[in-house]
Amino acid sequence: MTAAAQLSISYKDEQSTSFIDEEFGMPGSHSSPVLRGIGLPGQGRPVIGIASTTDHVQHLTVKCFWGDRVEREALELMGDHTWIGAPCQASQLEESLNRNLADTPSKAFGIEITSDGPAGSFSAFGMTTKTISRGSSIYAGLPFIDPGMMKSGATVFPGVSSATLFEKSGVGPSVVTVANFANRPASVHVEYISNSSGNDAGKTETIKQLQLAPGQTEIVQLIPHQRSTSNMDGSLIVGSSLLPGDVVANIGLASSKFSGYLGIEGHDATTLENGGKHPWQLGSEKGDDATLILFNNSPDKQYFPVTISSSSPLWTKQVEIPAMSTREISFRKLVEKGTPDDKGRRLSAEVRSGTVTWHAPKPHSGRGRLVERSTAPFSERSFSCVGQETLCTYMGSLWVDTVNIAVGGQDYLGYAYSNTCQSGDPYSGSPCGDFDMGVEYDNIAVNWSGCNHASGCSSWGMDNPVLLHGSSPGHDDIFVQMQDLSAPGCYAYAQGYANVKPTITGDQNLWYFNGYSPSNYSTSITLNGNGSGTWSVSQADSKVQLSTTSGSSTTVTPTGSYFSTSNGDVSITLTVDGVTSDPFTLTVRRPDRAVYGYTSDTCDATFGFISAISYALQDQVHDPLPNSIDANEYFSSGITADYGGTNWVFTNPNGYQTSGNTLTDLISGMNLNYAPYGPWNPTPNCNASDPTKVHHRSQQFYVGSQAVGTGTLIDAQIPGTATFTNTHQIQRYIGHGTHE
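Source: prediction; values computed, not measured.

### Considerations on the sheet that holds strand S17 (residues 234-240)
The sheet built from five strands is open, its strands ordered S15-S14-S17-S12-S20 with antiparallel pairing. In this open sheet, the two edge strands, each paired with only one partner strand, are strand S15 (203-212) and strand S20 (267-268). As paired elements, strand S12 (residues 154-157) and S20 share two bridges and run antiparallel to each other. Within the sheet, the bridge partner assigned to Val 156 lies in S20 and is His 267.

### Digging into the pattern of salt bridges
Under the counting rule described, the total for this entry stands at twelve salt bridges. Where Lys 543 meets Asp 541, a salt bridge forms, and the shortest distance between an N and an O atom there is 2.8 Å. A relative accessible area of 2% means that Lys 543 is categorised as buried. Each of the salt bridges in this network shares a partner with another, and the network as a whole consists of Arg 36, Glu 112, Arg 184 and Asp 246.

### Some thoughts on the side chain of Thr 554
Counting through the fold element by element, Thr 554 comes out in strand S43 (residues 550-558). Owing to a relative accessible area of 1%, Thr 554 belongs among the buried residues under this scheme. Only 2.7 Å separates the side chain of Thr 554 from the backbone oxygen of Thr 548, close enough to count as a polar contact. Those residues within four positions of Thr 554 in sequence are excluded, and the remaining contacts are Ile 525, Thr 526, Leu 527, Trp 535, Leu 546, Ser 547 and Thr 548.

### Quick notes on the pairing of strand S44 (residues 570-576)
If a strand is regular, its side chains alternate between the two faces of the sheet. With six of seven residues buried, S44 lies mostly within the body of the structure. Relative to strand S45 (residues 579-580), S44 runs antiparallel, the two being bridged by two bridges. Residue Val 576 lies in a different strand from S45, and its bridge partner there is Val 579. Turn length for the S44-S45 hairpin, with the two strands adjacent in sequence and antiparallel, is two residues, and the turn residue Asp 577 shows positive phi of about 55°.

### What about the nonpolar core?
Ranked by internal contacts, the top residues of the largest apolar core, which has 22 residues, are Phe 157, Val 176, Val 178, Val 188, Leu 236, Val 238 and Ile 251. Mapped onto this core, the elements with two or more residues apiece are strand S13 (175-180), strand S14 (186-194), S15, S17 and strand S18 (247-255). Within the second largest apolar cluster, 21 residues are counted, among which are Leu 314, Ile 329, Val 351 and Ala 360.

### Re the sheet that holds strand S31 (residues 410-412)
With antiparallel pairing, the three strands of this open sheet are ordered in space as S31-S36-S35. The two strands at the open ends of the sheet, each matched to only one other strand, are S31 and strand S35 (454-455).

### Quick notes on the environment of Ala 716
By the element assignment, Ala 716 lies in strand S54 (residues 712-717). Here Ala 716 falls in the buried class, since its relative accessible area comes to 2%. Each C-alpha atom, one on Ala 716 and one on Gln 700, is 8.3 Å from the other, the two residues being 16 residues apart in sequence. Excluding anything up to four places from it in sequence, Ala 716 contacts Ala 594, Tyr 615, Phe 701, Thr 723, Phe 724, Thr 725 and His 728.

### Digging into the packing of aromatic side chains
All chains considered together, the criterion is met by eleven aromatic pairs. Look at Phe 513 and Tyr 521: their rings are 5.5 Å apart centre to centre, the planes differ by 85°, and that puts the pair in the edge-to-face class. Using a relative accessible area of 1% as the deciding quantity, one classes Phe 513 as buried. A residue is classified by how much of its surface remains accessible, and Tyr 521, at 7% relative accessible area, is buried. With centroids separated by 5.9 Å and ring planes inclined at 65°, the aromatic side chains of Tyr 615 and Phe 701 adopt a geometry described as edge-to-face. Note that Tyr 615 is positioned in strand S48 (residues 608-619) and Phe 701 in strand S53 (residues 693-703), a separation of 86 residues in sequence.

Reading guide: rules and limits
- Residues numbered from 1 in each chain as written.
- Predicted model: local features only at pLDDT ≥ 70, side-chain atom pairs only at ≥ 80, totals over all residues.
- Heavy atoms only, no water.
- Pairing = 2+ DSSP bridges.
- Helix = DSSP H or I, 4+ residues; strand = E, 2+ residues; numbered from the N terminus.
- Salt bridge = Lys/Arg side-chain N within 4 Å of Asp/Glu carboxyl O.
- Buried < 20%, exposed > 50% of the residue type's maximum accessible area, 1.4 Å probe, protein only.
- Polar contact = N/O pair within 3.5 Å; in protein donor to acceptor, adjacent residues only side chain to side chain.
- Contact = heavy atoms within 4.5 Å.
- Core = buried A, V, L, I, M, F, W, Y, C linked by side-chain atoms within 4.5 Å.
- Phe/Tyr/Trp six-rings, centres within 6.5 Å; stacked < 30°, edge-to-face > 60°.

So this is what it looks like as structure tokens:
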């Protein structure tokens, strides 16, 4: 973390003091255009502020949740503007709130804000208010979370005193408020993890289990327990059965020592953030203190590097914390007891302010916050500034990327590299005086995890790119850890993502022949994927249908109602483990037309002449048919004589198989060796230029079947013209035949 910011709001009257501390937020690559928050008990509607982070107009939908009621309001947020107000005032919820909200409301107020702008284009914060006596009011914050940034369904609240947590105060007991923003029921559990003696792992106790209907909010009052310690001897976790960000929790700690709630910033249980940095200050009164609270939420004992600084590093220590345990470091006690750090240094009593930095050795394995207390008047404030700490503070660097590859494909994920110390104190908290990239690589250990669907993590090394190979479809969160072996507890982390897309195999040309299935043409296609998932089709109209939308394969058949207008205009995808394949495109084809090629007129001793009229068969996108195909001719009318007294006849129509995509119609004269009706009138000759017409009739071509008049009727080009028609005239002249 190179820079951070936090806003603190104070309110004080004659009887009470309230503090609201708003944590900073930064959109990331997984942000969403949605923010969600749940308030603490109060009177009336919370007040929220929505700030635009873009110069474009946004249209917002604000949904208000109160108990089992849900209302919504539409807002227009101008670019670079801020909206402040009480949401959903025009809704029916207003009357219900005014009628039912008492001094101790039984329901919490949840808010969801959705923008039509891009992710990260607005931010929001809110507060609730409560009158405690004679017009004196207290305030509590209503923080928002971005569900797109959440990695788990659990929220961690580090450092909760069992004495403070379970005691009654002027505002009532401490509370946990929860809201279910999803459209399905949620199972929610509230757990308190208390410290055990010695180095034993902490103990987990379930305080409350509840079921939340879709859109429901609830307040969990924490029952007093018989504990006397005032130390931060435990932490709280609120978990749910739904997806990350669907259930949002908030906590308000009540104390008899002050009139308001102490809010604690909750943290996603599996976020990559593993450290924090924040200013601290000691007041002048004896009871004033600044305390760093650390919670090890991993199943193993860990060492947390902690550095307390002023104008220079003053105190650095590897703090040992057992599994699932909480530890506190009182800065006043460090001064009063003269507790040495790992280098034997002690904090001076003259130091009253500075900066504290801490981090956990692994991603999503530690949470912390800074608590500042004052006694005149009594107040307690919590700060939870978090970040992702780097190797040995300013001396390490990792870069990873998001890789999208198909099964069987490969791509580079990124590099790991570090500036390693040649001289200087790795605990100093400042850059080394002498460092170089690539020096002392033997002291840097690189560990990786998360390669499940993609292989290749084992090739990761210093300054060596990682080449990932897609093995099976799915999403991988890949974590990389670098450790300086010469400085235990000095780590750097990075996270990359691999989306291994399933692949689809099968024929990409689907044919329709009006119910017929000629050989060498696929009238149905079976598509196979290398994983079981969900199939979907994208098409402008109903060209195809799928036999199933789930599983590892599906069969595609044409509807016969619509056909492709361009190659590959039907796209089919398979989604496995949340990762969608590249579109598998196919073309739905039908035989459409016969393009005239040439006519060959030859003399024949038996028939007088034989005319061969050849066409090239094409589909509806004018691609040639790829293989030989069954075809037939059909006479759709009777014979019309053009020559008076002619006795010429037509033979019966027939079916045949084309030669490749060439369809040829043979027209001959009459058999000169066989004249059952007497001499042929007129006698066929071999003069193709003779204009004498004999007779004609209507003719059609069908493709896909050899049975006469079945298959798909196609258009044919009239020889010598640009005209296509599905019905033409077969015309016999005395010396040749043609189509007209």
